[in-house]
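# Structure at a glance
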Amino acid sequence: MGSLNGKIALITGAARGIGQAIALRLAGEGADLVLCDLNQEWLEETATKARALGRRVECASVDVSNADSVQKGVAALTEQFGRIDVLVNNAGITKDQFLLRMSEADWDAVLDVNLKGTFLFTKVVAKQMLKQKAGAIVNIASIIGLIGNAGQCNYAASKAGVIALTKSAARELASRGIRVNAVAPGFIQTAMTDKLTADVKEAMLRNIPLNTLGTPENVADAVHFLASDAASYITGQVITVDGGMVMS
Ligand code: NAP
């Protein structure tokens, strides 16, 4: 018996990286999946692997930063499954540049996907969860939203916003049986961090007490915990998955 047997989990940005690892972890625990990403075809790899675990999987092309796209995508998928028990707001982007050189377009793009996308999905899915009087929402933030980072003002602001949104939504929705938590990954090996130079990676490694980069599966483990009934008395919290980089 998996800890998520009979549950329906919706994951955004599930085509690759951390989103794919989360989808497969939740599927391995018995959840059927609703997968969203910019391009439906790119979700096929994740969907095929999850179906091989015996799960039902539906995919949709949704731009998390576009209210109309989110509304239509979630409506169609909810109709097929009838309910959504777990929402994981994972889709995210970076457009790094030092503050004085950062364009307004790059600021807007990162805030639109990372923060507005989380707001739009949370709003639409929470409506369904309110009817069910139950649900678990897990937002993927970042330790950069806690400590900041030179060259990432837009990204840091978006992830700090995700943390504040998590805590506020947790307070609003707790009385209706809906828990909202965040996972703040540190330096995880994915396409997003492959872009960093060897120097930056080496410097980061020096600041990780556990002396190794994280894996998407490390993040997926924390998401699974927060999505499951094992976390039934936990809401409004941020779990860092960072090898000890940030200790509060
Ligand atoms: P990734 O490999 O770049 O994957 C992100 C996924 O989100 C991609 O499939 C991407 O599609 C999708 N996406 C981007 N914009 C979207 C939009 N507007 N609508 C729908 N889907 C969209 O990134 P990752 O490293 O797995 O990161 C996943 C999450 O973890 C992000 O929120 C990120 O900020 C967070 N995080 C990552 C790290 C890390 O070290 N990797 C650390 C802290 C936090 P495309 O293929 O089209 O881009």
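Keep in mind that what you see is a predicted model, and the values were worked out from it rather than measured. (Residues numbered from 1 in each chain as written. Predicted model: local features only at pLDDT ≥ 70, side-chain atom pairs only at ≥ 80, totals over all residues. Heavy atoms only, no water.)

### Structural notes on the packing of helix H3 (residues 67–81) against helix H4 (residues 104–132)
- Between H3 and H4, the least distance of the axes is 10 Å, while the angle of their chain directions is 30 degrees. By the angle between their directions, the pair H3 and H4 is classed as roughly parallel. Like other packed secondary-structure pairs, H3 and H4 cross with a definite hand, here right-handed. Counted together, Ala67, Val70, Gln71, Val74 and Thr78 of H3 and Leu120, Phe121, Val124, Val125 and Gln128 of H4 form the full contact between these two elements.
- Of the residues belonging to the contact of H3 with H4, the class tally is 7 nonpolar, 3 polar and no charged. (Axes fitted to C-alpha atoms, helices over the stretch in contact; angles between N-to-C directions. Helix = DSSP H or I, 4+ residues; strand = E, 2+ residues; numbered from the N terminus. Parallel < 35°, antiparallel > 145°, perpendicular 65-115°, else oblique. Left-handed = near helix turned anticlockwise from the far one by under 90°. Contact = heavy atoms within 4.5 Å. Nonpolar A, V, L, I, M, F, W, Y, C, P; charged D, E, K, R; others polar.)

### Let's talk about the packing of aromatic side chains
- Following the criterion strictly, the structure yields 0 aromatic pairs and no others.
- We note Arg56 situated over the ring of Phe81; from NZ or CZ to the ring centre the distance is 4.0 Å. (Phe/Tyr/Trp six-rings, centres within 6.5 Å; stacked < 30°, edge-to-face > 60°. Lys NZ or Arg CZ within 6 Å of the ring centre and 35° of its normal.)

### A word on the environment of Ala50
- Relative to the helices and strands, Ala50 resides in helix H2 (residues 44–52).
- As for Ala50 and Leu26, which are separated by 24 residues in sequence, their C-alpha atoms are 9.1 Å apart.
- Each residue touching Ala50, except ones within four places of it in the same chain, is listed here: Leu24, Ala27, Leu33, Arg55 and Val57.

### Here's the deal with the site of the ligand
- Lining the immediate surroundings of the ligand are 28 residues, of which Ile18, Asp37, Asn90, Tyr155 and Thr190 lie closest.
- Val62 places a main-chain nitrogen or oxygen 3.4 Å from a nitrogen atom of the ligand.
- Burial of the ligand by the protein amounts to 92% of the accessible area it has alone, namely 890 Å².
- At the level of secondary structure, the elements contributing two or more residues to the shell around the ligand comprise helix H1 (17–28), helix H6 (153–173) and helix H7 (191–194).
- The residue makeup of the shell around the ligand, split by class, is 16 nonpolar, 8 polar and 4 charged. (Near = heavy atom within 4 Å. Polar contact = N/O pair within 3.5 Å; in protein donor to acceptor, adjacent residues only side chain to side chain. Areas by Shrake-Rupley, 256 points an atom, 1.4 Å probe, with all protein chains shown as cover.)

### A few points about the pattern of salt bridges
- Scanning the model with the defined rule gives 8 salt bridges in all.
- Two residues, Lys72 and Asp68, come together in a salt bridge whose shortest N-O distance is 2.8 Å. With a gap of 4 residues between them, Lys72 and Asp68 both fall in helix H3, about one helical turn apart.
- Note on Asp68: relative accessible area 45%, which makes it partly exposed.
- Salt bridges here are not isolated pairs; linked through shared partners, they connect Arg25, Glu29 and Asp221. (Salt bridge = Lys/Arg side-chain N within 4 Å of Asp/Glu carboxyl O. Buried < 20%, exposed > 50% of the residue type's maximum accessible area, 1.4 Å probe, protein only.)

### Concerning the pairing of strand S6 (residues 178–185)
- In terms of burial, S6 is a largely internal element, 8 of the 8 residues being buried.
- Burial along S6 is two-sided: the face carrying Ile178, Val180, Ala182 and Ala184 and the face carrying Arg179, Asn181, Val183 and Pro185 are both buried.
- With 4 bridges joining them, S6 and strand S7 (residues 238–241) adopt parallel strand pairing. Bridged to Pro185 within S7 is Val241. (Pairing = 2+ DSSP bridges.)

### Comments concerning the sheet that holds strand S1 (residues 8–12)
- The strand order across the open sheet formed by 7 strands is S3-S2-S1-S4-S5-S6-S7, and the pairing between neighbours is parallel. A single partner strand is all that each edge strand has here, and the edge strands are strand S3 (57–61) and S7. Here the strands of the sheet are splayed against their neighbours by 15 degrees on average, with no regard to which way each runs.
- Pairing of strand S5 (residues 135–140) with S6, which is carried by 6 bridges, proceeds in the parallel orientation. Counted as the bridge partner of Ala136 is Arg179 from S6.
- Contacts from H6 reach S5, S6 and S7, with the element oriented near 160 degrees to S6.

### What about the packing of H4 against H6?
- Where H4 contacts H6, the axes come no closer than 8 Å and their chain directions differ by 15 degrees. It follows from the interaxial angle that H4 and H6 lie roughly parallel. The two elements H4 and H6 cross, and the hand of that crossing is right-handed. Together, Asp106, Trp107, Val110, Leu111, Asn114, Leu115, Thr118, Phe119, Ala126 and Leu130 of H4 and Cys153, Asn154, Tyr155, Ala157, Ser158, Lys159, Gly161, Val162, Leu165 and Leu173 of H6 make up the contact between the two elements.

Nothing here speaks to function; it is geometry throughout.
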